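Tertiary structure, described
Given next are the chains, with one letter for each unit.
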Amino acid sequence: MYTSFHICPSPPYPTFLFTTAAPSKRKTPSHLFSGFRGFIVASICLVKVTLMGKKKSVEGAPVAKGKAGGKEVTKDTKKERISVLDMLANMDVKSDKQLKKGSTSSTNKPKPKAASKVSSYTNGIDLPPSDDEDDVDASEDSQKNVAPRRNLHQKSESKPLETSVTGKELKKREKKDMMHAQLQERLKQEALQDDHDAFTVVIGSRASVLDADADADANVKDITIENFSVSARGIELLKNTSLKISHGKRYGLVGPNGKGKSTLLKLLAWRKIPVPKNIDVLMVEQEVVGDDKTALQAVVSANEELVKLRSEVDSLQNSSSNADENGNDEAGEKLAELYDKLEALGSDAAEAQASKILAGLGFTKDMQARPTKSFSGGWRMRISLARALFMQPTLLLLDEPTNHLDLRAVLWLEEYLCRWKKTLIVVSHDRDFLNTVCNEIIHLHDLKLHLYRGNFDEFEKGYEQRRKEMTKKYEEYVKQMKAAKKSGNQAAQQKVKDRAKFAAEKEASRSKAKGKIDEDEPVEEAPRKWHDYSVEFHFPEPTELTPPLLQLIEVSFSYPNRDDFRLSNVDVGIDMGTRVAIVGPNGAGKSTLLNLLAGDLVPTEGEVRRSQKLRIGRYSQHFVDLLTMEETPVHYLLRLHPVQEGLSKQEAVRAKLGKFGLPSNNHLTPIVKLSGGQKARVVFTSISMSNPHILLLDEPTNHLDMQSIDALADALEEFEGGVILVSHDSRLISRVCDDEEKSQIWVVEDGTVRFFDGTFDEYKEELLQEIRAEVDE
């Protein structure tokens, strides 16, 4: 006998119809039946529910006959149906029991939730941490004032916040945090060691040594490396290029992301690219380790020689009090010698200078006196930057120094570095910063380093001129070759090739004479097409909504158990086409204001009005960190936005990722393996696919290269919805808030939000006047 079943998806629930037939003489292959096995076992529960609903009618029905498909159905047939069910249920008793056990345990015992981070409601907020921030979380009652933090596109239940933290629990947390910090530091060091081994530097035809010539002139402060190449695990980053760094110049190193700019800085810092021994090199690469040292002590302690001399003075003063007269004389002479060395190092002014630098980077007097372990990673990165500025190395290397700074701190750093007397190389995506600070630009393009005189604006003019010249040569060559091929004259084609090769050889001989390329490097036989990196951002035109779209009316907000922070009497609004720049110092509440606008936080007082159909596109570094790391960008976006136009949904998503500058080879790469800039592109793509009416952007330029920032500015200029922007990139703000009639400047400071009566450029000029007065003191 064989059995077949049919599922009828009619309401109110699916009905399973079983039919039986006489057994066949042929034995049914077991693999055909086992293919349905998982489906049958999973369906048993539904069948049982169906039969239980009909149990009374089966047992108590006086009628022994019924119609089924035009044939009589007897009691024996009903018994056969039940016996078939029993047969299916008993096919795999073990699996069935495991399923029941799993379902019972999952019903009675909820799955344990992952431990939530301490004070999770403040994650991503721009508050400087307070002394008691780690001591208490928000109470369960105060949860009504703090809405659950939501992911970018999906809601999740949040665990009730703890009411209090005992001293024992606090010690456990501190110990756990310390162990975590030590683990992260160890992993960083291991990764750093791996990086050392990953890079190969070849100078001419020989591999680089770690140090320069020991007999180099001690007075040499310039760095010149001719004809060197760099590769990382076999991938070429630089090929037969040259670099000359003159003492006292301030260089901006620019080029697309992922092409080797940061690598070049690291190789200089590690001296794998030879640097004269007398030149001390310092690169700001990692945040300072959090410990019990205050921020001020951490900066001063960067000068190890100064700390050592002060320690020797203290030891001599303690020992001289117990020594005899002769000993006191010897100690006095030694102390006098140490005092002379301390004076040469500027010991008396060390703390004042360190405090001035910290204040410029946004540290108040109270913050300077707090231990470094109480600061977040962004603030500890500022301390590392302050240590480098305090040390004043001969060669200072900065990689994206503005990423962790607010607008005022960026402007202060610009003014401070403009007065830098030694050599500086900085990688930055901020055009205004490069224009203000740098007097020469090094451009990494096509595996070569090209030097341009002047600031970034001057570089763009020179680059465009060079691009036009190369493009003209290439187009002329292609035109001549097409004409020669059309004529069918082989001699004419060869003549065009020979003429192009002669011109290339002539140019190469000049470069070889200057030592710019290797003697053995092959000469290009024809002009090459100029390849420019380009990227395009686009946000779709939003549907029209009746204003007001979003309003905060007399809103006040404070965090539970945080007496040092409160926003009061906030009265702002935004409509279609409105452009808003939110400015103010870090910790004043800019991100808190964005969270109130987005609905991630609920006001303590006041009212929030939103249009019912309002869609908000939100970007912040916090949301980038919340991406589903095990998914690929394509699968992640298809899960969030399953409705796509076209024959292939995957191809439609890949086309959108490509427009936002994510390379095609990364579309199916797990998100965890993507760089920060690549993850940001995934988030921007997702925002675009959600068709927002309002964009809330919190530091959107972090990890984006210059071309991507320009593309973002272009897209925001064309976007017809509302834009609220928090950024340290003054050029982006200037472009977004270019229309004075539609633009507003919201200043967040002193616990409230006020409107600046003027343009952004006027606000920036006011800040600059204050900063220049501070730096010149």
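Residues numbered from 1 in each chain as written. Predicted model: local features only at pLDDT ≥ 70, side-chain atom pairs only at ≥ 80, totals over all residues. Heavy atoms only, no water.

Let us look at the overall build of the protein. Helix and strand counts for the protein stand at 25 helices and 23 strands. A buried classification covers 43% of the 777 residues belonging to the protein. Here the analysis covers contacts within the protein between residues at least 6 apart in sequence; of these, 70% occur between residues at least 24 apart. Accessible surface for the protein amounts to roughly 42,800 Å². Of this, 51% is attributable to carbon and sulfur atoms. (Helix = DSSP H or I, 4+ residues; strand = E, 2+ residues; numbered from the N terminus. Buried < 20%, exposed > 50% of the residue type's maximum accessible area, 1.4 Å probe, protein only. Contact = heavy atoms within 4.5 Å. Areas by Shrake-Rupley, 256 points an atom, 1.4 Å probe, with all protein chains shown as cover.)

Our focus in this paragraph is the sheet that holds strand β16 (residues 567-574). In sheet architecture, strand pairing relies on hydrogen bonds along the backbone and comes in two forms, parallel and antiparallel. Read across the sheet, 3 strands follow the order β16-β15-β18 without closing on themselves; strand pairing throughout is antiparallel. What marks the edges here is a single partner per strand, and that holds for β16 and β18 (605-610). Averaged over all pairs of adjacent strands, the angle between their axes in this sheet comes to 10 degrees, without regard to strand direction. Direction of pairing for strand β15 (residues 550-557) relative to β18: antiparallel, over a ladder of 5 bridges. Bridge assignment links Ser 556 to a residue of β18, and that residue is Glu 605. Contacts from helix α18 (residues 590-598) reach β15, β16 and β18 within the one sheet, and its direction differs from that of β15 by about 125 degrees. (Pairing = 2+ DSSP bridges. Axes fitted to C-alpha atoms, helices over the stretch in contact; angles between N-to-C directions.)

Turning to its location among the elements, Arg 562 is positioned in the loop between β15 and β16. A distance of 2.8 Å separates polar atoms of two side chains, one belonging to Arg 562 and the other to Asp 564. (Polar contact = N/O pair within 3.5 Å; in protein donor to acceptor, adjacent residues only side chain to side chain.)

Turning next to the nonpolar core. Core analysis: the largest hydrophobic core is formed by 105 residues, its most contacted members being Leu 389, Trp 412, Leu 417, Phe 537, Phe 539 and Phe 684. Beyond its immediate stretch of four places on either side in the chain, Leu 389 contacts Ile 357, Leu 396, Trp 412, Leu 413, Tyr 416, Leu 417 and Trp 420. (Core = buried A, V, L, I, M, F, W, Y, C linked by side-chain atoms within 4.5 Å.)

Attention now goes to the side chain of His 693. Summarising the element assignment, His 693 is placed in the loop between α22 (676-689) and β20 (694-698). His 693 gets classed as buried once you look at its relative accessible area, which sits at 0%. Side-chain polar atoms of His 693 contact the side chain of Thr 543, separated by 2.8 Å.

Attention now goes to the pairing of strand β7 (residues 223-232). Most of β7 sits out of view: 8 of its 10 residues are buried. Direction of pairing for strand β5 (residues 199-203) relative to β7: antiparallel, over a ladder of 5 bridges. The residue bridging Val 201 from the neighbouring strand is Val 230, located in β7. Summarising the sheet, β7 and strand β8 (residues 235-245) pair through 7 bridges and their orientation is antiparallel. Residue pairing across strands places Val 230 opposite Leu 238, the latter belonging to β8. Once β7 ends, the chain turns through 2 residues before running back antiparallel as β8, passing Arg 233 with a positive phi of about 50 degrees.

Moving on to the packing of aromatic side chains. Within this structure, the stated rule accounts for 16 aromatic pairs. Where Phe 363 meets Trp 379, the ring centres are 5.1 Å apart and the plane angle is 80 degrees; that geometry is what we call edge-to-face. Highlighted residues: Phe 363 in the loop between α11 (350-360) and α12 (365-368) and Trp 379 in helix α13 (residues 377-391), separated in sequence by 16 residues. Every member of this aromatic cluster is reached through a ring pair, and the members are Phe 537, Phe 539, Tyr 619, Phe 660, Phe 684 and Phe 719. Sitting over the face of the ring of Trp 379, Arg 382 holds its NZ or CZ atom 4.3 Å from the ring centroid. (Phe/Tyr/Trp six-rings, centres within 6.5 Å; stacked < 30°, edge-to-face > 60°. Lys NZ or Arg CZ within 6 Å of the ring centre and 35° of its normal.)

What follows deals with unusual backbone geometry. Omega for the peptide link from Pro 547 to Pro 548 comes to 0 degrees, which places this bond in the cis form. Along the chain, Pro 548 turns up in the loop between α17 (490-513) and β15. Located in the positive-phi region is Asn 227, a residue other than glycine, with phi close to 50 degrees. Here Asn 227 lies in strand β7. For Asn 227, a relative accessible area of 8% translates into the label buried.

Within the open sheet, the 6 strands sit side by side as β19-β20-β21-β17-β22-β23. Their pairing is mixed. Since the sheet does not close on itself, it has two edges, and those belong to β19 (616-619) and β23 (752-755), each with one partner. Strand-to-strand twist across the sheet, computed as the mean angle between neighbouring axes with direction ignored, equals 15 degrees. Here β19 runs beside β20; their pairing, made up of 4 bridges, is parallel. Note that in β20 the partner of Ile 616 across the bridge is Ile 694. Running at roughly 175 degrees to β19, α22 makes contact with β19 and β20 of the sheet.

On to helix α21 (residues 649-659), then. Residues of α21 that are buried: Ala 652, Val 653 and Leu 657. For α21, the angular spread of buried residues about the axis comes to 135 degrees, placing them on one side. Among the residues trailing α21, Gly 661 stands out with phi positive, at a value near 90 degrees. (Arc of directions from axis to C-beta.)

Time to look at the environment of Phe 760. Here Phe 760 shows up in helix α25 (residues 760-775). Residue class for Phe 760 comes out buried when judged on its relative accessible area of 3%. The spacing of Phe 760 and Gln 744 is 16 residues in sequence and 8.5 Å in space, taken between C-alpha atoms.

A few words on helix α20 (residues 633-640). Most of α20 sits out of view: 6 of its 8 residues are buried. As for α20, its buried residues are in contact with α21 and α22.

Here we come to the packing of α11 against helix α14 (residues 407-418). Relative placement of two packed helices is described by the angle separating their axes and the distance separating the axes. Running from amino to carboxyl end, α11 crosses α14 at an angle of 135 degrees, the nearest separation of the two axes being 9 Å. Looking at the two axes, α11 sits oblique to α14. Residues Gln 353, Lys 356, Ile 357 and Gly 360 of α11 form the contact with α14, whose participating residues are Ala 409, Trp 412 and Tyr 416. Considered class by class, the residues forming the contact of α11 with α14 number 4 nonpolar, 2 polar and 1 charged. (Parallel < 35°, antiparallel > 145°, perpendicular 65-115°, else oblique. Nonpolar A, V, L, I, M, F, W, Y, C, P; charged D, E, K, R; others polar.)

What follows is about the pairing of strand β22 (residues 743-749). Burial within β22 is extensive, with 5 of its 7 residues counted as buried. Here strand β17 (residues 579-583) pairs with β22 via 5 bridges, running parallel. Among the inter-strand pairings, Val 580 is bridged to a residue of β22, identified as Gln 744. As judged from the 4 bridges shared by β22 and β23, these two strands associate in the antiparallel manner. In the sheet register, Val 747 faces β23, and the bridge partner there is Arg 754.

This next bit is on the environment of Ser 355. Assignment of secondary structure puts Ser 355 in helix α11. For Ser 355, a relative accessible area of 10% puts it in the buried group. Spatially, the C-alpha atoms of Ser 355 and Ala 295 are 9.1 Å apart, while their sequence positions differ by 60 residues. Here Gln 368 takes part through its side chain, which lies 2.8 Å from a polar atom of the side chain of Ser 355.

Before going further, it helps to spend a moment on the pattern of salt bridges. This model, assessed by the stated rule, comprises 25 salt bridges. One salt bridge connects Lys 764 with Asp 432, and the closest N-O pair in it is separated by 3.3 Å. Taken together, the residues span a long stretch of sequence, with Lys 764 in helix α25 and Asp 432 in helix α15 (residues 431-437) at a distance of 332 residues. A salt bridge links Arg 754 to Glu 749, with the nearest nitrogen and oxygen atoms 3.0 Å apart. (Salt bridge = Lys/Arg side-chain N within 4 Å of Asp/Glu carboxyl O.)

Let's shift gears to a negative patch on the surface. On the surface, Asp 738, Asp 739, Glu 740, Glu 741, Asp 757, Asp 761, Glu 762 and Glu 766 cluster together into a patch of negative charge. Among the secondary structure elements, Glu 762 is positioned in helix α25. (Patch = residues over 30% accessible without salt bridge, like charges linked within 9 Å, V, L, I, M, F, W, Y side chains within 5 Å. Lys, Arg positive; Asp, Glu negative; His and termini not counted. Charge placed at Lys NZ, Arg CZ, Asp CG, Glu CD.)

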